[in-house]
Every structure is written in structure tokens, then in C-alpha cells.
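Chain by chain, the residues run as shown.
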Amino acid sequence: MATSDLPVIVIGAGPIGLAAAANLHQRDIPALVLEAGENAGAAVRAWAHIRLFSPWSELVDPVSATVLDRAGWDAPNAKRYPTGADWAAGYLQPLADALGTVRYEHVVTGVAKEGRDVLVDSGRDRQPFTVHVTTPDGEQRLRARAVIDATGTWGIPNPLGSDGLPAVGEQTHADNITYRVPDLEDPAVRARYTGKHVVVAGTGASAKTALIALGDLAQQDPGTRVTWIVRRPSTVNAFGGGQDDELSERGALGDRARHAVSQPRTTTVTGFRTAAVETRDDRMVLTSTDGDTLTDVDELIVLTGFRPDLSFLSEVRLDLESVLQAPRQLAPLIDPNVHSCGTVYPHGAAELAQPETGFFMVGMKSYGRATSFLALTGFEQARSVVAKLAGDDEAAAHVDLVLPETGVCGGAGDFDESASDSGGCCGAPGDAGTLQVGLGTR
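Residues numbered from 1 in each chain as written. Predicted model: local features only at pLDDT ≥ 70, side-chain atom pairs only at ≥ 80, totals over all residues. Heavy atoms only, no water.

## Notes on the nonpolar core
In this structure, Leu18, Trp87, Tyr91, Ile148 and Leu214 are the most contacted members of the largest nonpolar core, which totals 84 residues. Core analysis: the next-biggest nonpolar cluster, separate from the first, contains 18 residues, Leu32, Phe129, Val147 and Leu313 among them. (Core = buried A, V, L, I, M, F, W, Y, C linked by side-chain atoms within 4.5 Å. Buried < 20%, exposed > 50% of the residue type's maximum accessible area, 1.4 Å probe, protein only.)

Here it is in C-alpha cells:
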């Protein structure tokens, strides 16, 4: 079979992977979606209890909606805000079913060029990709004309240690540490945190969601204490733009978190960069890089972001920026050290392309370690990449991306100074939008 007759393989049946598959379907390009989980949106289902701060109108890819409409889809109210469970059951699974190209429990273990390891130049671009997969029926090697990696970053949460590596003792105390927002509506989970001293690390939407839930728990059970640790010396911009946020529920999330941390049973500790987790009198003690300590800790909730899994791409020629681990052409557009206002320029196939012709990263994985992403961004990425694979260079280059403003603009600040001390804010020409942690979750 000629390489051009082979399917495009999409890795991951999440919202962006399925959007890519829908765009391939629209252009009559054979596609195969490989999903490690048992259902579509496996990562989304892992935070099923969390309500998104984006409404349904911003969580449905336009091309995917067309596919679903043809299958008799009962579209949700565009103004409502679904939970992760709603998104998975009401959109992602029906879309996967309508496409009919998803293979579940197919774990990709490697991607390469057929007969060529990463060192070989000769004839490389003419060879198809080989995707190595572990399935319930054993190992398989699948051939593809192109590969779209939409695996996200959910599988590799960032550790507590302030240097990007696990703090000393972090792995030893794994039984008392979680890297996900706990579902306190679950009685067993609620019992784990009730009456305990719980430390929350992180400042993103996930951390705010956890702080709100734990604050409610502390109101109901006076024995519950919450400590919020923040690496920066100030939380001035941690709560977002409030009423100035164009995503009203994102702004409301920040307002509720601000209220939660102002309550008597919640303490905020700024400038705390964790170096070690130890045991003292059967409870945990956190030590910072400055030698400060937090004592009598029972449970740790670490919500400091995620990073991409590059382990199965060792034989693919990648050009990733060294800091963010994002495509080199995209990284300058999303670097939080530069874009302190959360701005992002419209981007697509040109910025996502890799030296390995026909290989693209889309979705949250394309942002590497950058902490900001909205589903709208991923939908436009998928559309542009598929247009490029279809040979429609004009459509691939024409990228429209206008995202809702956060209402915050004052500079991120140097790592050792507060945002209010740092002065201005980056500017963004043309149609720049704003981003937020995750896919629009709260």
C-alpha cells in the first residue's frame, strides 16, 4: 500500500483528538484514533466531578457538531456549564461513536519512521510512520501516512518540589499526597480530609477549585484546617479578573476562591518553595528552600500543573523549545515568562509543525509546560493541521482565534517580586486572546 493511501493516526480520543478526527472525516481522509482508556475522554472522566467555567458553546468543535447532527445528536443548551462527566457523556462519547474510528485500550508505546531510526536521513520523508501499540490482544505495529499526537498532559502532574523534581521525601509520603482535585462529594474522599490539616499547593483553576471545596468542608467541620502555599511572594493576581473576566464563571471562580482563603480556618503562606517532606510525630512537616517549616500536616493536595509525556517519541525528530517543551515556533507565543497577560496569537499548522514531516502535536500537549489552554485553541489547531495534511495550505494558514479576556493585566512579576512591583504588561498585536488553565475547568 502506498504511503498516501494509509490512514492518519490520531493518538488520544479526548476533545482535541476527536476534533482532529472529525476534521479528517469531513475531508474524506482515512483516520484511526488510538485511545488508551476504555472510553472516549478518559482524562476528562478522571475529573468528572468538576464543573467547567466554559459554557457548552465553547466546548463543542464546529466540525464535530456537524458530524453529531448527522447522527441525530441532541445538542445541549449552549449557555449551560457542564461537568467533566457531562462533557464526556454528552459530547465526547457520542462523537467517538459517530466517527466509528476509535480503538480503545490501545496504548501507544512508540512512534517511528518505518525502517529508519532517528539517526537515518536516507529516504526518511518517503517512509510511512509506524505506531507501536499495546492492545488487549497483544502488541501491534500500525502504519500511518501522518500522526497527530493529542495525548494531552494529564498523565504527568508536576511534583511539589520547587525545582521541578520531587521534593525530598515526596515519593515516600505518596499515600498522603494527591495531584488531582479531590471529589469531596464522595463520602470516602470526604472522610480522608475531614478534621485534618490539609495543605494545598498551586494557584491555577484546579487549586482554586480545591480551596473552595475545602473551605466549605472547614465551615462544616471546625476540626478541618487548610493551608495554601504559594511560591511567589504575593497572591495579588492569583484570583483572576473577577467581573472584568469575559468568561463570567472563570471570574466567579476567582471571587469564590478569594472568599474561601479569607476565612479563619484557611491560612495563606506565600514565598514557600518546598524542598522536603518529612515525618515528625506521625505527621508531615514541609521544609522550604529557605528553611521555613510547615508542621502538623495530614494531607497534601499538589495542583501545580502538568507536563507532556515525550517518552514514546524518542525516534521522532522533534524541535521543542528547551524551557516549555512546546514546538519551537509556538513557544514564544505562549511563554508565561513573557506573556504575563495570558495573551496568545492565532496559530496553527505552521507553528505546530515538526522536522518529522507529517507529525504534529495538538491540544494541551502542544503547550508543553505552559499552564494555560482553552478548548477553543485546540479546535482551531486541529482544523489547521488537518487542512495542511489535506494539502489545503490556504485554509491551514488562515487561523482565527479570538479568546475571552481574563480581565487581568499587570505583569506577572519576576519570580522573587510581586506582580504589582513589576510594572507593565506585554502587548499583543491583532486578534490576541487569553487563556486559562486546563480546558476551561473550575
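## Side note on the packing of helix H1 (residues 15–26) against helix H3 (residues 62–70)
Direction vectors running N to C along H1 and H3 enclose 70°, while the axes themselves pass 8 Å from each other. When the axes of H1 and H3 are compared, the pair comes out roughly perpendicular. Crossing handedness for the pair H1 and H3: left-handed. When H1 is examined against H3, the residues Leu18, Ala19, Ala22, Asn23, His25 and Gln26 are found in contact with a partner set consisting of Val63, Ser64 and Val67. (Axes fitted to C-alpha atoms, helices over the stretch in contact; angles between N-to-C directions. Helix = DSSP H or I, 4+ residues; strand = E, 2+ residues; numbered from the N terminus. Parallel < 35°, antiparallel > 145°, perpendicular 65-115°, else oblique. Left-handed = near helix turned anticlockwise from the far one by under 90°. Contact = heavy atoms within 4.5 Å.)

## Side note on the pairing of strand S13 (residues 283–288)
Where burial is concerned, most of S13 is hidden: five out of the six residues are buried. Linkage of strand S12 (residues 274–280) to S13, two consecutive antiparallel strands, is achieved through a turn of two residues, within which aspartate 281 is found at a positive phi near 55°. Connecting S13 to the next strand, strand S14 (residues 293–297), in antiparallel fashion are four residues, including glycine 291 with a positive phi near 90°. (Pairing = 2+ DSSP bridges.)

## Quick notes on the pattern of salt bridges
The full count for this structure, using the stated rule, is eleven salt bridges. Across the salt bridge formed by glutamate 299 and arginine 192, the nearest N and O atoms sit 3.0 Å from each other. Linking glutamate 299 in strand S15 (residues 299–302) with arginine 192 in helix H5 (residues 187–193), this pair joins segments that are 107 residues apart in sequence. A single salt-bridge network, built from bridges that share partners, covers Arg283, Asp296 and Asp298. (Salt bridge = Lys/Arg side-chain N within 4 Å of Asp/Glu carboxyl O.)

## Concerning the sheet that holds strand S9 (residues 197–201)
Spatially, five strands are ordered S8-S15-S9-S10-S11 in an open sheet, and the strand pairing comes out parallel. What marks the edges here is a single partner per strand, and that holds for strand S8 (177–178) and strand S11 (266–269). Note: S9 against strand S10 (residues 225–229), five bridges, orientation parallel. Paired with valine 199 across the bridge in S10 is threonine 227. Along the sheet, helix H6 (residues 205–220) contacts S9, S10 and S15; its crossing angle with S9, the most-contacted strand, is approximately 160°.

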